[in-house]
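Chain residues, written in single-letter form:
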Amino acid sequence: EMGWTLASVEPPLGRIEAVERSTLFGFIDDIVVRVRLNASGYTVLDVRSASRVPVVDLGRNAARIRRFLAAVDEG
């Protein structure tokens, strides 16, 4: 639903790796989502999005994370 291509899914580790290709230049961004329990027993969701090409991403990675977290909140 997010437009990502899954690269790796590791349920025992609570880890998902995906990629998203930009439509304009075809640059690939890497996305990693990790779900874990903290010391208090609360679920923690860690999300990382990074461009493979070291250029300015114009906020695209941060926007991708916000969009994903909003989708999780909508449940």
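These remarks concern the structure in this document. Everything numeric here is computed off the predicted structure, so don't read it as measured data. (Residues numbered from 1 in each chain as written. Predicted model: local features only at pLDDT ≥ 70, side-chain atom pairs only at ≥ 80, totals over all residues. Heavy atoms only, no water.)

1. Re the packing of aromatic side chains
By convention here, two paired aromatic rings are described through the distance between centres and the angle between planes. Scanning the entire structure with this criterion turns up 2 aromatic pairs. Considering the side-chain rings of F25 and F27, the 5.6 Å spacing of their centres and the 35 degrees angle between planes classify their relative orientation as tilted. (Phe/Tyr/Trp six-rings, centres within 6.5 Å; stacked < 30°, edge-to-face > 60°.)

2. Overview of the nonpolar core
Grouped together as the largest cluster of nonpolar side chains are 5 residues: W4, A18, I31, V33 and F68. Leave out the neighbours within four places in its chain, and I31 touches W4, I16, E17, A18, V19, E20, R48, S49 and R64. (Core = buried A, V, L, I, M, F, W, Y, C linked by side-chain atoms within 4.5 Å. Buried < 20%, exposed > 50% of the residue type's maximum accessible area, 1.4 Å probe, protein only. Contact = heavy atoms within 4.5 Å.)

3. Here we look at the pattern of salt bridges
Under the definition given, this model contains 8 salt bridges. As a salt-bridge pair, E20 and R64 come within 2.5 Å of each other at their nearest N and O atoms. One end of the pair, E20, is in strand β2 (residues 15-21); the other, R64, is in helix α1 (residues 60-74), and 44 residues separate them in sequence. A relative accessible area of 2% means that R64 is categorised as buried. E20 serves as the salt-bridge partner of R67, at 3.9 Å between the closest nitrogen and oxygen. Linking R67 in helix α1 with E20 in strand β2, this pair joins segments that are 47 residues apart in sequence. (Salt bridge = Lys/Arg side-chain N within 4 Å of Asp/Glu carboxyl O. Helix = DSSP H or I, 4+ residues; strand = E, 2+ residues; numbered from the N terminus.)

4. Focus: the pairing of β2
Both strand β1 (residues 5-10) and β2 contribute to a ladder of 5 bridges, which runs antiparallel. Residue pairing for β2: L6 is matched across the bridge by A18. In this structure, the hairpin formed by β1 and β2 is closed by a connection of 4 residues, where G14 is found at a positive phi of approximately 65 degrees. Of the strand pairs in this sheet, β2 and strand β3 (residues 28-37) are connected by 7 bridges, and their pairing is antiparallel. What sits directly across from R21, in β3, is I28. Taken together, β2 and the strand that follows it, β3, pair antiparallel across an intervening segment of 6 residues, in which G26 is found at a positive phi of about 80 degrees. (Pairing = 2+ DSSP bridges.)

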